[in-house]
Amino acid sequence: MCPKSIIGCGDLVKMLLHTGVTRYLDFKHVGGSFVFQGDKLHEVPVTAKAAMMSGLMGLSQRIRAPMFFKWVAQFDERNKDTWSGLDIPNMTMSDVYKYWKIDDKTQSLTGHAIALYLSDEYTTNKAETIPCLKRIQLYATSLARYESSPYIYHVTASAHYLRDLPGSRPCTVGSWPLV
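Description of the structure in this document. Keep in mind that what you see is a predicted model, and the values were worked out from it rather than measured.

1. Some details on the sheet that holds strand β2 (residues 26-29)
Spatial ordering of the open sheet is given by β1-β5-β2, a layout of 3 strands whose pairing is antiparallel. Two strands lie at the open edges of the sheet, namely β1 (6-7) and β2, each paired on one side alone.

Written out as structure tokens, the structure is:
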């Protein structure tokens, strides 16, 4: 199985860089991320200005969410001073959202579009609180690196050969060209 896109600063990218595979594969960043909410397609905001204009969050959340994300960015599981007095190991993500007064729409955006959870079960499992916070941090780190989206995808090798060498018709196995 080959992923279609990967998070830009994740473990898979680190492994690809470490093994040198990036000498043979080219990556491009995805131009944006989108979510369906209600019956509308929305772009996931990637800047503070875009978040203020987005229909994904209500007016009060446009103030609370940035404070929450700033706290998540500074959170360090080994340094209790960064926990804002919260007892993180004994809290669910639902408790953390409640502390920061994050509403259901913003929780859904954070959990599904940012932390990439498939269901809401992470909100009630204490063991998922720190991993969720780390996922949000990973998203933010990748977003800072690629600016318009935290995701990258590989450009198939055969596309490069066809583009760079007109007239050549390489055979590919997966994404490895055989010339």
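2. Structural notes on the packing of aromatic side chains
In this structure the tally under the stated criterion is 10 aromatic pairs. For the pair Trp 71 and Trp 100, a centre-to-centre distance of 5.6 Å together with 40° between the ring planes defines the contact as tilted. Of the two residues, Trp 71 is situated in helix α3 (residues 61-74) and Trp 100 in the loop between α4 (93-99) and α5 (104-114); the sequence distance between them amounts to 29 residues. A network of ring pairs unites the aromatic residues Phe 68, Phe 69, Trp 71, Phe 75, Trp 83, Tyr 97, Tyr 99 and Trp 100 as a single cluster. In this structure, Arg 135 packs its charged tip against the face of Tyr 117, placed 4.0 Å from the ring centre.

3. Remarks on the pairing of strand β4 (residues 40-43)
Two strands pair when backbone bridges link them, and strand β3 (residues 34-37) and β4 are joined in this way by 4 bridges, in the antiparallel orientation. Note on β4: the bridge partner recorded for Val 35 is His 42. Where β3 folds back onto β4 in an antiparallel hairpin, the turn is made up of 2 residues, including Gly 38, whose phi is positive at roughly 70°.

4. So, the packing of α3 against helix α6 (residues 129-146)
Running from amino to carboxyl end, α3 crosses α6 at an angle of 100°, the nearest separation of the two axes being 9 Å. One element, α3, and the other, α6, form an angle in the roughly perpendicular class. Together, Phe 68, Phe 69, Trp 71, Val 72 and Ala 73 of α3 and Leu 133, Ile 136 and Gln 137 of α6 make up the contact between the two elements. A per-class count over the contact of α3 with α6 returns 7 nonpolar, 1 polar and no charged.

5. Concerning the packing of α3 against α5
Running from N to C, α3 and α5 cross one another at 45°; their axes reach a closest spacing of 11 Å. One element, α3, and the other, α5, form an angle in the oblique class. For the element pair α3 and α5, the recorded crossing hand is right-handed. Only Thr 106, Thr 110 and Ile 114 of α5 make contact with α3, whose side of the interface consists of Gln 61, Ala 65, Phe 68 and Phe 69. Of the residues assigned to the contact of α3 with α5, the class counts are 4 nonpolar, 3 polar and no charged.

6. Looking at the nonpolar core
Within the largest apolar cluster, 33 residues are counted, with the highest numbers of intra-cluster contacts made by Phe 68, Trp 71, Ile 88, Met 93, Val 96, Cys 132 and Ile 136. In terms of residues, this core owes the most to one element, α6, which gives 6 residues. Excluding its chain neighbours within four sequence positions, the residues that come into contact with Val 96 are Phe 68, Trp 71, Ile 88, Met 91 and Thr 129. Val 13, Val 21, Leu 25 and Ile 152 belong to the second largest nonpolar core, which has 6 residues in total.

Reading the values: rules and limits
Residues numbered from 1 in each chain as written. Predicted model: local features only at pLDDT ≥ 70, side-chain atom pairs only at ≥ 80, totals over all residues. Heavy atoms only, no water. Pairing = 2+ DSSP bridges. Helix = DSSP H or I, 4+ residues; strand = E, 2+ residues; numbered from the N terminus. Phe/Tyr/Trp six-rings, centres within 6.5 Å; stacked < 30°, edge-to-face > 60°. Lys NZ or Arg CZ within 6 Å of the ring centre and 35° of its normal. Axes fitted to C-alpha atoms, helices over the stretch in contact; angles between N-to-C directions. Parallel < 35°, antiparallel > 145°, perpendicular 65-115°, else oblique. Contact = heavy atoms within 4.5 Å. Nonpolar A, V, L, I, M, F, W, Y, C, P; charged D, E, K, R; others polar. Left-handed = near helix turned anticlockwise from the far one by under 90°. Core = buried A, V, L, I, M, F, W, Y, C linked by side-chain atoms within 4.5 Å. Buried < 20%, exposed > 50% of the residue type's maximum accessible area, 1.4 Å probe, protein only.

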